Amino acid sequence: QVQLVESGGGLVQPGESLRLSCAASGSIFSIPVMGWYRQAPGKQRELVASITTAGTTTNADSVKGRFTISRDNAKKTVYLQMNSLKPEDTAVYYCNAQAQVYFVSGVRQYWGQGTQVTVSS
């Protein structure tokens, strides 16, 4: 019903930048919240940042001042600009959408397939 396709991961050195993108498609009525989560080896998945349709954002303390989330509502796309990357940012990053689809009541969570971000010298 909702497909999320991520792009933009890769291998970078500490201090460098990356930009992740995630495009949603399907029978979408609305997407009240879009966000990014990450999961490092041996750790639980954690919220990195989220953004509402109105542009209200939430950011994890560990990325404040370095990462910026934004979205293009017309394109149903969310972005994560990651600056000053650190080795501890290494993880699989997952796009998340809380979306309502046509002919189905309620908002449900959808996940992308994940994109690897590796920060290493």
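Look up: the structure comes first, before these words.
All values derive from a computational prediction rather than experimental measurement. (Residues numbered from 1 in each chain as written. Predicted model: local features only at pLDDT ≥ 70, side-chain atom pairs only at ≥ 80, totals over all residues. Heavy atoms only, no water.)

Caption draft 1: Spotlight on the pairing of strand β1 (residues 2-7). Of the two faces of β1, only the one carrying Val2, Leu4 and Glu6 is buried; Gln3, Val5 and Ser7 on the other face are not. Pairing geometry for β1 and strand β3 (residues 18-26), over 6 bridges, is antiparallel. Within β3, the residue paired with serine 7 across the bridge is serine 21. (Buried < 20%, exposed > 50% of the residue type's maximum accessible area, 1.4 Å probe, protein only. Helix = DSSP H or I, 4+ residues; strand = E, 2+ residues; numbered from the N terminus. Pairing = 2+ DSSP bridges.)

Caption draft 2: A look at the packing of aromatic side chains. Scanning the model with the defined rule gives 3 aromatic pairs in all. Summarising the aromatic geometry, the rings of phenylalanine 29 and tyrosine 102 are spaced 5.5 Å apart at their centres and angled 80° between planes, so their arrangement reads as edge-to-face. Here the residue phenylalanine 29 occupies a position in strand β4 (residues 28-39), and tyrosine 102 occupies one in the loop between β9 (91-101) and β10 (108-111), the gap between them amounting to 73 residues. Its relative accessible area of 44% is what places tyrosine 102 among the partly exposed residues. Relative to phenylalanine 103, the ring of tyrosine 102 lies with its centre 6.2 Å away and its plane at 50°, an arrangement referred to as tilted. Counting every residue linked through ring pairs, the aromatic cluster contains Phe29, Tyr102 and Phe103. When the ring centre of tyrosine 94 is taken as origin, the NZ or CZ atom of arginine 45, which lies over that ring, is 3.7 Å away. (Phe/Tyr/Trp six-rings, centres within 6.5 Å; stacked < 30°, edge-to-face > 60°. Lys NZ or Arg CZ within 6 Å of the ring centre and 35° of its normal.)

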